Amino acid sequence: MIYILQNFGREFLYTDGYHITGLAMTLWLLLISCSIGFCIALPLAILRNARNPLIWGPVWVYTFVIRGTPLYVQLLIIYTGFYGLDFVRNSAPLAAFFKQGIDCTLLAFALNTGAYTTEIFAGAIRDTSFGEVEAARSLGMSQFTLYRRIIIPSALRRALPVYSNEVILMLHATTLAFTATVPDLLKVANDAYAATYNPFASFATVALIYLCISFTLIFAFRKAEGHFLAFLKP
Amino acid sequence: MLNLAGYGPQIFQGTIVTVELSLLSLVVSFIIGLLGASAKLSKSRFLRGLATVYTTIIRGVPDLVLMLLIFYSLQIWLNDATDYLNSIQNSIDFEVSLDPFTSGVITLGFIYGAYFTETFRGAFMAVPRGQLEAARAFGMKPLLVFRRILFPQMMRYALPGLANNWQVILKATALVSLIGLSDIIKAAQYAGEGTFRTFFFMSIAGLVYLFLTTISNGVLLLLERKYAVGVRKAVL
């Protein structure tokens with residue numbers, strides 16, 4: 001274990017000298033995919049609650065398909081599947097995009113967490129209390145103002161506990177990135193294992209790092225809940 | 001239109017493996033979950049602490065990391081153990097080797113047992129205490145109380161969580177192909193490499209998963225209805 005920390009410590013934390021690796025890469029993947037996922041999810045969650053089936057239908061299909069299949073399959077389709085398609089290979093920008101492991105990984109992760117987050121936010125929007133909306137309408141708010149001032153802030157607050165769960169699950173899901181040659185924490189652990197033939201020390205080290213990240217995230221979200229959900233305190 | 005290029009049987013075989021793996025893991029994690037929940041609610045401080053450490057660590061570490069950790073380490077530990085046994089008695093050569101399927105079941109069961117523990121703990125606590133006291137007052141032994149009173153009522157509260165965990169297990173079996181199991185994903189990968197149509201075969205694998213999750217949703221709805229017998233819902 002000490003040998004592994006001495007030889008792979010820097011790679012575990014931030015770089016192997018050429019690229020970002022390890023912890024920094026994992027956090028980067030988590031940050032980018034959750035940000036993109038959030039930006040996808042917010043408008044889709046509003047559309048998901050529309051009355052017109054032509055509007056909520058496609059959103060439902062998107063979340064149904066993504067939530068019904070494993071992330072690994074989605075990653076394989078995007079990473080190995082798309083590049084084999086003729087129209088992707090014939091267009092230079094698409095080919096350049098899908099050739100990069102990290103691009104494919106971020107795309108797959110963002111689409112995946114976007115679907116789960118959409119359902120979380122949509123549920124929270126659906127649970128907005130009737131009175132709040134009625135009061136806002138009676139004050140003469142337009143539909144846009146109603147969403148901007150009343151529904152979205154309140155729904156996001158109420159979604160926070162479930163959303164924190166989703167972020168933790170996403171952290172766990174970033175481990176799949178190493179299958180697309182992205183040098184995240186697990187990839188470094190794999191290298192350490194290949195170099196030392198000591199699976200327990202290599203993977204236990206990385207498990208401890210993940211445990212620390214999980215606890216930090218849980219702590220941060222609990223702080224955020226204390227702040228944003230203060231009105232629910234007993 | 002659906003040209004599987006002769007890989008149909010392999011994909012079907014892979015599907016069977018995936019389903020078997022998830023069902024067996026479900027059974028293992030179900031049992032571990034029941035034991036874990038009992039330990040968490042038991043009077044012994046040692047058992048409670050052990051169960052808490054178990055659920056905290058497992059739920060804080062990604063399943064893929066745990067899977068690689070257990071898969072590679074378990075084999076080495078087993079080798080060490082059998083070497084030790086062989087060194088004691090030289091008469092027979094004793095050897096245990098783990099195939100990916102068995103270690104997949106063990107690791108998935110062990111990992112999702114932690115999630116089941118939390119689900120069951122909540123459900124156990126939701127059963128009114130008076131019912132258990134009444135059962136004990138009737139002279140039922142603990143096992144009988146569990147079978148007749150606690151389990152049937154607890155299941156109603158546990159089902160939504162169980163449904164969720166089952167879906168997660170089903171999707172987590174995809175990871176086991178990473179430690180070499182010939183499941184649906186491996187079959188789709190081979191087919192894709194053989195025909196240069198990875199996108200097509202991977203999509204087939206995705207559709208199979210979608211089919212499985214959709215079916216299990218239906219079954220779980222039926223189960224929910226069965227265990228909700230005699231429960232009145234508030235009409236709002």
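Residues numbered from 1 in each chain as written. Chains lettered and ligands numbered in written order. Predicted model: local features only at pLDDT ≥ 70, side-chain atom pairs only at ≥ 80, totals over all residues. Heavy atoms only, no water.

### Describing the overall build of chain A
Part 1: The helix and strand inventory of chain A stands at 11 helices and 0 strands.
Part 2: Put simply, chain A runs from its N terminus to its C terminus through helices and strands in the order α-α-α-α-α-α-α-α-α-α-α.
Part 3: By principal-axis analysis of the C-alpha atoms, chain A measures approximately 70 × 55 × 25 Å.
Part 4: When contacts within chain A are restricted to residue pairs at least 6 apart in sequence, long-range pairs at least 24 apart make up 70% of them.
Part 5: When the accessible surface of chain A is summed, it comes to about 11,900 Å², and 67% of that surface belongs to carbon and sulfur atoms.
Part 6: Each charge sign in chain A was given a centre, from 16 positive and 12 negative side chains, and these centres are 9 Å apart. (Helix = DSSP H or I, 4+ residues; strand = E, 2+ residues; numbered from the N terminus. Contact = heavy atoms within 4.5 Å. Areas by Shrake-Rupley, 256 points an atom, 1.4 Å probe, with all protein chains shown as cover. Lys, Arg positive; Asp, Glu negative; His and termini not counted. Charge placed at Lys NZ, Arg CZ, Asp CG, Glu CD.)

### Some points on the side chain of Ser73(B)
Part 1: On the secondary structure map, Ser73(B) appears in helix α3 (residues 63-88).
Part 2: A relative accessible area of 1% places Ser73(B) in the buried class.
Part 3: At 2.6 Å, the side chain of Ser73(B) forms a polar contact with the backbone oxygen of Leu69(B).
Part 4: Setting aside residues no more than four positions away along its own chain, Ser73(B) makes contact with Pro199(A), Phe200(A) and Leu68(B). (Buried < 20%, exposed > 50% of the residue type's maximum accessible area, 1.4 Å probe, protein only. Polar contact = N/O pair within 3.5 Å; in protein donor to acceptor, adjacent residues only side chain to side chain.)

### Here's the deal with the UniProt feature "transmembrane region" (unreviewed entry) in chain B
Residue and element names in this part refer to chain B.
Part 1: Per the UniProt record, "transmembrane region" (unreviewed entry) is found at residues 12-36, 57-78, 98-116, 157-179 and 199-223.
Part 2: In this annotation, residues 12-36 is assigned 100% helix and 0% strand; the end-to-end C-alpha distance for the span is 35 Å.
Part 3: Span residues 57-78 is 91% helix and 0% strand, its end C-alpha atoms 23 Å apart. (UniProt positions renumbered as here; feature names shortened; annotations may be inferred.)

### Let's talk about the interface of chain A and chain B
Part 1: With 32 residues of chain A at the contact, the number on the chain B side is 31 residues.
Part 2: For the chain A and chain B pair, buried surface summed over both sides reaches about 2,800 Å², with 81% attributable to carbon and sulfur atoms.
Part 3: Scanning the region where chain A abuts chain B turns up 5 residue pairs in polar contact (both at pLDDT 80 or more).
Part 4: Secondary structure elements with two or more residues in the side of chain A that touches chain B: α3 (53-68), α4 (71-81), α10 (185-196) and α11 (199-228) of chain A.
Part 5: Looking at which element gives the most residues to the side of chain A that touches chain B, the answer is α11(A), with 10 residues.
Part 6: Looking at the side of chain A that touches chain B residue by residue, the class counts come to 23 nonpolar, 8 polar and 1 charged. (Buried area = accessible area lost by both parts, 1.4 Å probe. Nonpolar A, V, L, I, M, F, W, Y, C, P; charged D, E, K, R; others polar.)

### Quick notes on the UniProt feature "transmembrane region" (unreviewed entry) in chain A
Part 1: The positions UniProt marks with the feature "transmembrane region" (unreviewed entry) are residues 20-47, 59-82 and 200-221 of chain A.
Part 2: What you have in residues 20-47 of chain A is 93% helix and 0% strand, and the ends, taken at the C-alpha atoms, are 38 Å apart.

### Brief notes about the pattern of salt bridges
All names here are of chain B.
Part 1: Scanning the model with the defined rule gives 4 salt bridges over all chains in all.
Part 2: Across the salt bridge formed by arginine 121 and glutamate 118, the nearest N and O atoms sit 3.7 Å from each other. Taken together, the residues arginine 121 and glutamate 118, both in helix α4 (residues 100-126) and 3 residues apart, mark about one turn of the helix.
Part 3: You can call arginine 121 partly exposed: its relative accessible area is 27%.
Part 4: Among the charged side chains, a salt-bridge network with shared partners connects Lys40, Glu118 and Arg121. (Salt bridge = Lys/Arg side-chain N within 4 Å of Asp/Glu carboxyl O.)

### Details of the environment of Leu156(A)
Residues and elements named next belong to chain A.
Part 1: Checked against the element boundaries, leucine 156 lands in helix α9 (residues 143-173).
Part 2: Sequence separation between leucine 156 and phenylalanine 121 is 35 residues; the distance between their C-alpha atoms is 6.8 Å.
Part 3: Sequence-distant contacts of leucine 156, defined by excluding residues within four places in its chain, comprise Phe38, Leu42 and Phe121.

### Brief notes about the UniProt feature "domain: ABC transmembrane type-1" (unreviewed entry) in chain A
Part 1: The feature "domain: ABC transmembrane type-1" (unreviewed entry), as given by UniProt, occupies residues 23-221 of chain A in the numbering adopted here.
Part 2: With 84% helix and 0% strand, the stretch residues 23-221 of chain A has end C-alpha atoms that lie 20 Å from each other.

### Overview of the side chain of Thr175(A)
Part 1: Inspection of the secondary structure puts Thr175(A) in the loop between α9 and α10.
Part 2: By relative accessible area, which is 1% here, Thr175(A) ends up buried.
Part 3: The contact partners of Thr175(A), leaving out residues within four places of it in the chain, are Asp184(A), Leu186(A), Tyr210(A), Pro62(B), Leu64(B) and Val65(B).

### Here's the deal with the environment of Tyr210(A)
Part 1: Within the element layout of this structure, Tyr210(A) appears in helix α11.
Part 2: When the C-alpha atoms of Tyr210(A) and Leu185(A) are compared, they prove to be 8.6 Å apart, with 25 residues separating the residues in sequence.
Part 3: Dropping the residues within four chain positions of it, Tyr210(A) is found in contact with Thr26(A), Leu171(A), Thr175(A), Asp184(A), Leu185(A), Leu186(A), Gly60(B), Pro62(B) and Val65(B).

### Looking at the packing of α4(B) against helix α6 (residues 142-176) of chain B
Residues and elements named next belong to chain B.
Part 1: Contact geometry for α4 and α6: axes closest at 8 Å, N-to-C directions at 140°. Taken together, the axis directions place α4 and α6 in an arrangement best described as oblique. Of the two elements, α4 crosses α6, and the hand of that crossing is right-handed.
Part 2: A breakdown of the residues in the contact of α4 with α6 according to their chemical character gives 19 nonpolar, 5 polar and no charged. (Axes fitted to C-alpha atoms, helices over the stretch in contact; angles between N-to-C directions. Parallel < 35°, antiparallel > 145°, perpendicular 65-115°, else oblique. Left-handed = near helix turned anticlockwise from the far one by under 90°.)

### Describing the packing of aromatic side chains
Part 1: Counted under the stated rule, the structure contains 19 aromatic pairs over all chains.
Part 2: Ring centres of Tyr163(A) and Phe221(A) lie 6.5 Å apart, and the angle between their planes is 80°; this geometry places the pair in the edge-to-face category. Pair noted here: Tyr163(A) is in helix α9 and Phe221(A) is in helix α11, with a separation of 58 residues, a long-range link. A single burial state applies to Tyr163(A) and to Phe221(A), both of which are buried.
Part 3: Residues Phe30(B) and Phe120(B) carry aromatic rings whose centres are separated by 5.1 Å and whose planes lie at 80° to one another, so their mutual orientation is edge-to-face. Of this pair, Phe30(B) sits in helix α1 (residues 8-40) while Phe120(B) sits in helix α4, and the two are 90 residues apart along the sequence.
Part 4: Looking at Phe30(B), the relative accessible area reads 21%, which means it is partly exposed.
Part 5: Phe120(B) sits in the buried class, given a relative accessible area of 0%. (Phe/Tyr/Trp six-rings, centres within 6.5 Å; stacked < 30°, edge-to-face > 60°.)

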